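So you can see what is in the structure, the chains are spelled out below.
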Amino acid sequence: MPVATRTARGKRAARKLALASSFCALSAQAALPQESQWAWNRPTLNFMGVPGIVDMPSAHPSRDADIDLSLSMLNGSRRLTGHFQITPRISGVFRYANLDSYAGIDEYYDRSFDLRFLLAEEGPTAPAVTLGLQDFGGTGIYAGEYLVATKTIGRLRATTGLGWGRFASLGGFANPLGVLGDRFETRPDGPGGVQGTGRLDAKQWFRGDAALFAGVQYAYSDRMVLSVEYSSDDYAAEEENTSFEHRSPFNFGLSWRVGDRMQLNGAWLYGSTIAAGLTYTFNPRTPNAYPGGFDRAPFPVTPRAPGAANDLGWARQADAGAILQDNMQRFLEADDLVLEGFDVAPHTARIAFRMGRQSGPAQAVGRVARMMTNNLPPSIERYEITLVGHNGLPVSTVVINRSDLEELEHAPDGAWQSFARARIEDARDLPPAAVARFPQFDWRAGPYLEASYFDPDSPIRLSFGAELSARYEPRPGVVFQGALRQKLSGSAGALPDSNSDLPHVRSDNARYADQDSVTLRDLTAAKYFRPGDDLFARVSAGWFEPMFGGVSGEMLWKPVDSRLGLGVEVNYARQRDFAQDLGFQDYDILTGHASAYWEGDDGFLYQADAGRYLAGDWGATLGIDREFDNGIKIGAFATFTDVSFDEFGEGSFDKGIRFEIPLSALVGQRTDTTIARTIRPVQRDGGARLDVNGRLYTQVRNFQQPGLQSDWGRFWR
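In what follows, the accompanying structure is described.

Reading the values: rules and limits
- Residues numbered from 1 in each chain as written.
- Predicted model: local features only at pLDDT ≥ 70, side-chain atom pairs only at ≥ 80, totals over all residues.
- Heavy atoms only, no water.
- Salt bridge = Lys/Arg side-chain N within 4 Å of Asp/Glu carboxyl O.
- Helix = DSSP H or I, 4+ residues; strand = E, 2+ residues; numbered from the N terminus.
- Buried < 20%, exposed > 50% of the residue type's maximum accessible area, 1.4 Å probe, protein only.
- Pairing = 2+ DSSP bridges.
- Contact = heavy atoms within 4.5 Å.
- Polar contact = N/O pair within 3.5 Å; in protein donor to acceptor, adjacent residues only side chain to side chain.
- Core = buried A, V, L, I, M, F, W, Y, C linked by side-chain atoms within 4.5 Å.
- Lys, Arg positive; Asp, Glu negative; His and termini not counted.
- Phe/Tyr/Trp six-rings, centres within 6.5 Å; stacked < 30°, edge-to-face > 60°.
- Lys NZ or Arg CZ within 6 Å of the ring centre and 35° of its normal.

1. Concerning the pattern of salt bridges
Pairs can form between side chains of opposite charge once their charged atoms are near each other.
Here is step 1: With the rule as written, the count across this model stands at 44 salt bridges.
Here is step 2: The partner of arginine 402 in a salt bridge is glutamate 406, and the shortest N-O contact between them spans 3.3 Å. Here glutamate 406 and arginine 402 lie together in helix H5 (residues 402–408), a separation of four residues that amounts to about one turn.
Here is step 3: By relative accessible area, which is 3% here, arginine 402 ends up buried.
Here is step 4: In this structure, aspartate 609 engages arginine 689 in a salt bridge whose closest nitrogen and oxygen atoms are separated by 3.4 Å.

2. A word on the pairing of strand E4 (residues 105–120)
Here is step 1: Here strand E3 (residues 90–102) pairs with E4 via twelve bridges, running antiparallel. Opposite glycine 92, over in E4, you have leucine 115 as the bridge partner.
Here is step 2: The antiparallel hairpin formed by E3 and E4 contains two residues in its connecting segment, where alanine 103 sits at a positive phi of about 55 degrees.
Here is step 3: Here E4 pairs with strand E5 (residues 128–134) via five bridges, running antiparallel. Residue pairing for E5: phenylalanine 117 is matched across the bridge by leucine 131.

3. Points about the environment of threonine 150
Here is step 1: Tracing the backbone through its elements, the reader meets threonine 150 in strand E6 (residues 144–153).
Here is step 2: Separated by 93 residues in the primary sequence, threonine 150 and proline 57 have C-alpha atoms spaced 9.8 Å apart.
Here is step 3: Non-local contacts of threonine 150, meaning those with residues more than four positions away in its chain, are made with Ser58, Ala59, His60, Glu122, Pro127, Ala128, Arg157, Ala158 and Thr159.
Here is step 4: Separated by 2.9 Å, the side chains of threonine 150 and threonine 159 make a polar contact.

4. Section: the pairing of strand E7 (residues 156–165)
Here is step 1: The buried fraction of E7 amounts to nine of the ten residues, a majority that puts the element mostly inside the structure.
Here is step 2: Strand direction decides the pairing type here: E6 and E7, joined by ten bridges, are antiparallel. Bridging from a neighbouring strand, glycine 144 pairs with glycine 165 of E7.
Here is step 3: The antiparallel hairpin formed by E6 and E7 contains two residues in its connecting segment, where glycine 154 sits at a positive phi of about 65 degrees.

5. Description of the nonpolar core
Here is step 1: Counting residues in each nonpolar core, the largest one holds 50 residues, and the members touching the most others are Ile351, Phe353, Met372, Leu376, Ile385, Val398 and Ile400.
Here is step 2: For this core, the element with the highest residue contribution is helix H4 (residues 361–375), accounting for seven residues.
Here is step 3: Grouped together as the second largest cluster of nonpolar side chains are 18 residues, Val54, Ala59, Phe167 and Tyr270 included.

6. Let's talk about the side chain of lysine 655
Here is step 1: With respect to the helices, strands and loops of the structure, lysine 655 is situated in strand E29 (residues 654–662).
Here is step 2: Despite its burial, lysine 655 remains without a salt bridge, the nearest opposite charge being carried by aspartate 654 at 7.4 Å.
Here is step 3: Within the structure, lysine 655 has its side chain in polar contact with the backbone oxygen of phenylalanine 653 (distance 3.3 Å).

7. Regarding the packing of aromatic side chains
A ring pair, where both rings are aromatic, is described by two values, the distance of the centres and the angle of the planes.
Here is step 1: Applying the stated criterion across every chain yields a total of 23 aromatic pairs.
Here is step 2: For the ring pair phenylalanine 244 and tyrosine 270, a centre distance of 5.9 Å and an interplane angle of 70 degrees mean the geometry is edge-to-face. Taken together, the positions of phenylalanine 244 in the loop between helix H2 (236–241) and strand E10 (250–258) and tyrosine 270 in the loop between strand E11 (262–269) and strand E12 (273–282) put the pair 26 residues apart, joining distant regions of the chain. Taken individually, phenylalanine 244 and tyrosine 270 each receive the classification buried, so the pair is uniform in this respect.
Here is step 3: With centroids separated by 5.0 Å and ring planes inclined at 70 degrees, the aromatic side chains of tyrosine 512 and phenylalanine 578 adopt a geometry described as edge-to-face. You can see tyrosine 512 sitting in helix H7 (residues 509–513) and its partner phenylalanine 578 sitting in the loop between strand E24 (564–576) and strand E25 (584–599), a full 66 residues away along the chain.
Here is step 4: Clustering of aromatic rings is evident, with ring pairs tying together Trp416, Phe419, Trp712, Phe715 and Trp716.
Here is step 5: Over the face of the ring belonging to phenylalanine 184 we find arginine 207, whose NZ or CZ atom lies 5.1 Å from the ring centre.
Here is step 6: Over the face of the ring belonging to tyrosine 448 we find arginine 485, whose NZ or CZ atom lies 4.0 Å from the ring centre.

Dropping the structure here:
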C-alpha cells in the first residue's frame, strides 16, 4: 500500500478511535464493579515492557516499588525490559533489545532508557495522566515522547495519547506546541549510532510532528484483559532493516494474569505478525510469602519482683562481673550476635556487640536488651548498648531503662513508645572490660561467578572459578584480608581490545579476565578508628582490586542524629600487572573525592562525589538509591567529568543501575550473604573510581539514629 494512502487512512481511523476513547477517558462513572477490581489492581504491560495497551503506553503507574521484568518476542525483535516504579509517580525503564539483521548486523543489540511521570491520578471524573520519555539515552531507535490519559469505566479502560518522535511516525500533524515557538515544529536529528549512545538529546524532545494514538481494554474476567488499539508508530526502522511488515495501524491483544506476579501476553500486531510476552512482577517490600521470616523467638523480658531493684548484694561478689559477662556471651552467641565488650556497675550495665547474622540493627538491640533482663541483677536499671561495625568501629550507643522494657513489652504501641523513651548517642569507645576474643581468623572457600554485560557480540560474558578468602583481625579495628582465585571457565577474556584514547584504567578488563593461572584478587591491611566526636576514619594499603593497588585514607563526619554525612577520601593508586600477582605497571595517579550523603524519606539515599578519577579526569558522580526495610536496595548513578562525550566513546558517560539483595530477605532465614551487582551499559575509562573495600558510610549509617528509627518497628521481634 502506498505510504500516502496508508497515512490518510491511518489519520481517519485515528480520529475515530481517539474520539471514542477520549469520550470514554473523560467520562465520569461509578466505582469499578467488585468482580473486576482485581483485574485493575495493577496495569497491564505492553510489548515495550511498560504500562500500556498492546504496543502503545497507558497512563496508570505500577504499584509503588514494583519491579516488572518483561520478555517480548515479535517478528525480527526480542525485547528484555526492566521497569521499576521508583516512587508512586515516577518510574524508570531499562530495555535491551535484539533485532535480526538490523543495519547490516546479523544480531544487533540495542540499549535504551525510559522515564515516566504521573502528572495526575485517576479520580471520579478525571483520567490518570502520564508524561513519558522513551529511549531518551540510547541510539534513538525507539526514541519518542508522549502525553497519555487513561480512564477506568467499570470493566472498560480507555486510553488516548499524543505522541512525538517514533509515536508520531504514522498519522502525524503539525505540532500543537508550535504555538510556543518555531523550534517545536521541526525535530532535529540525534547523534545516532553507537558513538551517540548515552547522550541526553533534549533538543529533540517534543519536537516535530505530533500524532494521536488510542485504545480500549476490557476486563473479561479478573484474570483476562482484551485490548484493541490504534498505534501511531509506523515501524519504519524495522521494515527497512528487518523482515517486519507494517500492514495496519490496529493491534489486538490478550493479557492473562497468572497469580499476582505473572502476566502472559499475546497479540496480533500491525496486521502481519503474532507476538508473545511474559512479565514477572516482584516487589522488594514483600519478596516472599512470609515477610516476617522464620526467625526464632526472642527471649522474653524478665520482670523484677517488688523491691528487688534495691538489692545490691551481688555487687560485693568479687567475680560477679566475670560471671555476668560469661552469661551474656553465651546468650548472644545463641542468637548469632558477637559480644565485643562488657562492664557493670551497681545501677548501670554497658555492653557492645556486633551484628553477626542478624539482619536488623533495631531488632538486635531489642533482643540484647531482653537478654540483659534475663541475666543481669535487678538493681541494674540503665542499659547502654553499643553497636559495633563489621570492622570494629564503635558507632552508636542506645540507652534504655529496664523499667521501660518491663512496661512496654506488651503495649499496643510499644515499639513507638520504646523508641521515644530510648536515647541514641555517639559511641567513641568500647566498654573497658573487653571480651578476650582476639585475635580472630576466618576463611572461606567456594565458587565465584563474575559477569560483564552488553558487549555487541555477546549480551552476557561470564567467568566462573574457585575462590579462597581469609580475614584476620588481631584486635578491634585492625583488619587484614585477601582472596585468591582460580578461573575454571569463562568468556570475559574474549572481549575486543580497548580503543580508548584515555589511560586504560578499566577498558583493559579483558586482559585481566583472560588469566588461567591463580590470581591475587585483593590483599589489604586496614585500620579503622574514631579520631573525634562524630568522626570516623580508615587507612588502607595493599592490592585493593584486580586492576589497582596503593594506599587509601578516608574521613567521615556523621553525627549520630543527623541525616547528613560528609566525607573525604584520598588515594595513591598504581595499576597492577595483568597477571594479578604482586607486580605493578608504570601507571600511577593521585585520586580522591569529597562526598556528601543524605538520608531522605521513604528509604531514599542520595550521594554526591566530586573529585579526580582514575584516568585523571575531574568531575562528579550523582547516585540515588531506595532501600527497603528488609535491606533490599535498588539505585542508579551517573558520572560526568571533563572528558567529552566523543573522547569517552560508546555510552558517552559512565552510568548504571545497582542493587543489593540480602539473601535473608528472599529465603526468610538468617544469613549474612548479600547479592550485589552493578550493571553498566558499557564500561569505559572516563569516570572510573578506585574500588576500595570497607568504605565508612555503609558501615556507619544503619547504626545511627535515622537508620535505627526506620528499623525500630522490629525492636520487639
